[in-house]
Amino acid sequence: MTLVAGVDSSTQSCKVVIRDAGTGVLIRTGSAPHPDGTEVDPAAWWEALQAAIAAAGGLDDVAALAVGGQQHGMVALDGRGEVIRPALLWNDTRSAGAAADLIAELGVLRGSGPDDGPRAWAEATGSVPVASLTVTKLRWLADHEPENAARVAAVALPHDWLTWKLMGGMDVGLAALATDRSDASGTGYFNTAAGTYDRTLLDLALRRDTAGVVLPRVCGPDERAGTTPAGIVLGPGCGDNAGAALGLGMTSGDISISIGTSGVVAAVTDTPVVDPSGTLTGFADATGRFLPLAVTLNGSQTMDVIRALLGVDYREYDRLALASTPGAGGLTLVPYYQGERTPNLPGATGSLLGMTMANLTRENLARASVEGLLCGLADGLEAFLSQDVPVERIRLIGGGARALAVQRIAPSIFGREILLPEPGEYVADGAARQAAWVLTGELPTWETSPSTATSAPPAPEVRAAYAARRDLWAQR
């Protein structure tokens, strides 16, 4: 039996799964936590990876490994391969102003003026910059820490850096940095349709000629990134959403809606999606196709903060939410606790609207938090429909999807039947599947998680009430 390992280095933790390369049967697992915050020393990820590997029984019998990781995080390295400053993560919104500046500047450079910026970026990369993307964090670095920006000799993303560390780090040199299309497509300086970096955009971000700055080699889906000193074959890795799509076996017509630290609506398409509105980001998947996404900053925390406020456990929270009725008695929660990415409102805050003496109950508050979370994701789903992306099956995944209230209310908000796969480590599983692909040269056909279907009468009135109150922020 040949074993492969898959890693999910997410915002909150590192998970490792070890599976049979031929059948996909799970052999053992391990995990370790990551520190909180939107700014993290990458050394913490490396320590967590070592702990998770140890908890999974080590790698002595593993033939190949691939790393899936949180996207966009800026890992800036100097000429000695040292991390220049703590990484800015995808959910760090300090670069919102930098995003607006970059959009306007490219509009002048490649369009008819600043207002042409969104179209110019969408055509150049498939995405319009928001604070999450790496390119905006590099501009923030150039503007706020110019001494650090001047030291940048290489730029990596979290999974790129971990793969490189597994190779041996500076023992193999900066030129050995490797990535894949899915993670490169989230940088903001990679042309997703063409499959190449756009150095002009990196120059624009760092405000200097970046010809000498090393960017990770972009590997093909089944291309080896390298090996560990012990001879373990390393796959190119992937972004977390691409890893989940690979782990779920998604094909054209499939939509995944993931509720984790963020909320993500994703689809696999055969052709790139270009959305100048910026609602959809035109990323790549881990198989050679494309993975457009709609991403919200506020995922499962939307419910967690209300559950903590009510002082209840998960079971009681579900009971309260389901004891209310659609529309939560007129309460609407717009959950922009951390600002928001979709829609692009990085300076927004959350709002609880429609309160009366009669409707401000524990039940309605719990229900409003579930509906607010799901309505934001439903907006992302509508964006796919507006771009004529086929929507045939919707899978609801992630930690937040385990809430009974989410499972029962989601079909009414999305207006469609929902499939609920058995809970699993989809990102790590996708990375393990990629490792097997790289090792054998064939993408294995592993049995995917069985799903149960759930449905409910549509509740368009809830969506309409949410939309009206959501748009109050856009009017400010």
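Preceding this paragraph is the structure being described.
Attention in this report is confined to the structure presented alongside it. Worth saying up front: this structure is predicted, and the values here are computed from it rather than measured. Each chain carries its own residue numbering, running from 1 in the written order of its sequence. Only residues with pLDDT of at least 70 are given local features in this predicted model, and only at 80 or more are side-chain atom pairs given and counted; all residues enter the totals for whole chains, interfaces and linings. Calculated side-chain values reflect all of the structure's heavy atoms, with hydrogen atoms and water omitted.

1. Section: the overall build of the chain
Next, step 1: On a plain count of helices and strands, the chain comes out with 15 helices and 24 strands.
Next, step 2: For a compact globule the rule gives 2.2 Å times the number of residues to the power 0.38, and the radius of gyration it is set against comes from C-alpha atoms. Radius of gyration (C-alpha) of the chain: 22 Å, near the 23 Å computed for a compact globule of 476 residues.
Next, step 3: Principal-axis analysis of the C-alpha atoms places the extent of the chain at approximately 65 × 60 × 40 Å.
Next, step 4: Taken over 476 residues, the chain has a buried fraction of 60%. Think of it this way: any DSSP run of H or I at least four residues long counts as a helix, any run of E at least two long counts as a strand, and we number them from the N terminus. Here's how the labels work: a residue is buried when its accessible area is under 20% of the maximum for its type, exposed when over 50%, partly exposed in between, all with a 1.4 Å probe on protein chains only.

2. Brief notes about helix α1 (residues 43-55)
Next, step 1: Over its 13 residues, α1 runs 18 Å from end to end, which matches the ideal 18 Å to within 8%, given 1.5 Å per residue.
Next, step 2: Along α1, the positions that sit buried rather than exposed are Ala44, Trp45, Ala48, Leu49, Ala52 and Ile53. Buried positions in α1, seen along its axis, are confined to an arc of 165 degrees and lie on one side of it. Along α1, exposed side chains directed more than 90 degrees from the buried face belong to Glu47 and Ala54.
Next, step 3: At the exit of α1 stands glycine 57, carrying a positive phi of roughly 90 degrees. Helices are assigned an expected span. That span is 1.5 Å times one less than the residue count. The arc in question is the one traced by the directions running from the helix axis out to the C-beta atoms.

3. Quick word on the pattern of salt bridges
Next, step 1: Definition used for salt bridges: Asp or Glu carboxyl oxygen within 4 Å of a side-chain nitrogen of Lys or Arg. In the structure shown here, the tally under the stated rule is 24 salt bridges.
Next, step 2: Measuring nitrogen to oxygen at the nearest pair gives 3.4 Å for the salt bridge that ties aspartate 8 to lysine 15. Both residues of the pair, aspartate 8 and lysine 15, belong to the buried class.
Next, step 3: A salt bridge links aspartate 198 to arginine 110; its shortest N-O distance comes to 3.1 Å. Here arginine 110 lies in helix α2 (residues 96-110) and aspartate 198 lies in the loop between β11 (196-197) and α8 (199-206), a separation of 88 residues in the sequence.
Next, step 4: Take aspartate 198: its relative accessible area is 13%, and that puts it in the buried class.

4. A few points about the pairing of strand β18 (residues 281-284)
Next, step 1: Of the two faces of β18, the one holding Thr281 and Phe283 and the one holding Gly282 and Ala284 are both buried throughout.
Next, step 2: Pairing between strands is defined by DSSP: at least two bridges between the two strands are required. As paired elements, β18 and strand β19 (residues 290-296) share 4 bridges and run antiparallel to each other. If you follow alanine 284 over to β19, its bridge partner there is phenylalanine 290.
Next, step 3: The antiparallel hairpin formed by β18 and β19 contains 5 residues in its connecting segment, where glycine 288 sits at a positive phi of about 105 degrees.

5. A word on the packing of aromatic side chains
Next, step 1: Each pair of aromatic rings taken from Phe, Tyr and Trp, with Trp reduced to its six-membered ring, is defined by centres within 6.5 Å and is described as stacked if the planes are under 30 degrees apart, edge-to-face if over 60, and tilted in the remaining cases. For the structure on display, the rule yields 2 aromatic pairs.
Next, step 2: The rule is short: NZ of Lys or CZ of Arg within 6 Å of the ring centre and within 35 degrees of the ring normal puts a charge over the ring. The aromatic ring of tryptophan 46 is capped on one face by lysine 165, whose charged end is 5.3 Å from the ring centroid.

6. Description of unusual backbone geometry
Next, step 1: Residues threonine 342 and proline 343 are joined by a peptide bond in cis, for which omega reads 5 degrees.
Next, step 2: Mapped onto the secondary structure, proline 343 falls in the loop between β20 (332-334) and β21 (351-353).
Next, step 3: One non-glycine residue with positive phi stands out, namely histidine 72, at about 80 degrees.
Next, step 4: The residue histidine 72 is located in the loop between β5 (62-69) and β6 (75-77) in this model.
Next, step 5: Residue classification places histidine 72 among the buried residues on the basis of a relative accessible area of 4%.
Next, step 6: Here aspartate 388, not a glycine, exhibits a phi torsion of approximately 60 degrees, which is positive.
Next, step 7: With respect to the helices, strands and loops of the structure, aspartate 388 is situated in the loop between α12 (362-386) and β22 (393-397).
Next, step 8: You can call aspartate 388 exposed: its relative accessible area is 69%.

7. Details of the nonpolar core
Next, step 1: Put simply, a nonpolar core is a bunch of buried Ala, Val, Leu, Ile, Met, Phe, Trp, Tyr and Cys residues held in one set by side-chain atoms that sit within 4.5 Å of each other. With 51 residues, the main nonpolar core has Ile255, Val370, Leu374, Leu396 and Phe414 as its most contacted residues.
Next, step 2: By residue number, the principal contributor to this core is α12, which donates 12 residues.
Next, step 3: Membership of the second largest hydrophobic core comes to 48 residues, among which are Leu102, Tyr189, Leu206 and Val427.

8. Side note on a nonpolar patch on the surface
Next, step 1: Judged by side-chain polarity, Met1, Val25 and Ile27 come together as a nonpolar surface patch covering roughly 310 Å² of accessible area.
Next, step 2: Positionally, isoleucine 27 belongs in strand β3 (residues 26-33).
Next, step 3: The exposure class of isoleucine 27 is partly exposed, given its relative accessible area of 34%. Think of a patch as exposed residues, more than 30% relative accessible area, with no salt bridge, where like charges cluster within 9 Å and nonpolar side chains (Val, Leu, Ile, Met, Phe, Trp, Tyr) cluster within 5 Å. Note on areas: these come from Shrake-Rupley sampling with a 1.4 Å probe, and a residue is covered only by the protein chains present in the view.

9. Focus: α2
Next, step 1: Over its 15 residues, α2 extends 21 Å from the first C-alpha to the last, a length consistent with the 21 Å expected when each residue adds 1.5 Å.
Next, step 2: Among the residues of α2, Ala98, Ala99, Leu102, Ile103, Leu106 and Gly107 are the ones counted as buried.
Next, step 3: Contacts between residues were defined by any pair of non-hydrogen atoms, one from each residue, lying within 4.5 Å. The inward-facing, buried residues of α2 abut α3 (117-125), α4 (134-144) and α8.

10. Focus on the side chain of glutamate 145
Next, step 1: With respect to the secondary-structure elements, glutamate 145 resides in the loop between α4 and α5 (146-151).
Next, step 2: Overall, the relative accessible area of 16% leaves glutamate 145 in the buried class.
Next, step 3: Contacts described as polar in this section are N or O atom pairs within 3.5 Å, which, within protein, must combine one atom able to donate a hydrogen with one able to accept it, while residues neighboring in sequence count only if both atoms come from side chains. Within the structure, the side chain of glutamate 145 is placed 2.9 Å from the side chain of asparagine 148, a separation counted as a polar contact.
Next, step 4: Beyond its immediate sequence surroundings of up to four residues, glutamate 145 is in contact with Arg85 and Trp140.

11. Side note on the environment of alanine 96
Next, step 1: Position of alanine 96 among the secondary structure elements: in helix α2.
Next, step 2: Those residues in contact with alanine 96 that lie beyond four places of it in its chain are Ala131 and Pro346.

12. What to know about the packing of helix α9 (residues 240-248) against helix α14 (residues 426-440)
Next, step 1: Axes here refer to lines fitted to C-alpha atoms; in helices the fit is confined to the stretch in contact. Angles between the N-to-C directions go from 0 to 180 degrees. One can describe the packing of α9 onto α14 by two numbers: an axis separation of 6 Å at closest approach and a directional angle of 75 degrees. Relative to α14, the element α9 is oriented roughly perpendicular. Contacts between α9 and α14 pair Asp240, Gly243, Ala244, Leu246, Gly247 and Leu248 from the former with Tyr426, Val427, Asp429, Gly430, Arg433 and Gln434 from the latter.
Next, step 2: In terms of residue class, the contact of α9 with α14 is made up of 5 nonpolar, 4 polar and 3 charged. Each angle is binned into one of four classes, with values under 35 degrees roughly parallel, values over 145 roughly antiparallel, values of 65 to 115 roughly perpendicular, and all other values oblique. Residue polarity is assigned by list, with Asp, Glu, Lys and Arg as charged and Ala, Val, Leu, Ile, Met, Phe, Trp, Tyr, Cys and Pro as nonpolar; anything else, Gly included, falls into the polar class.

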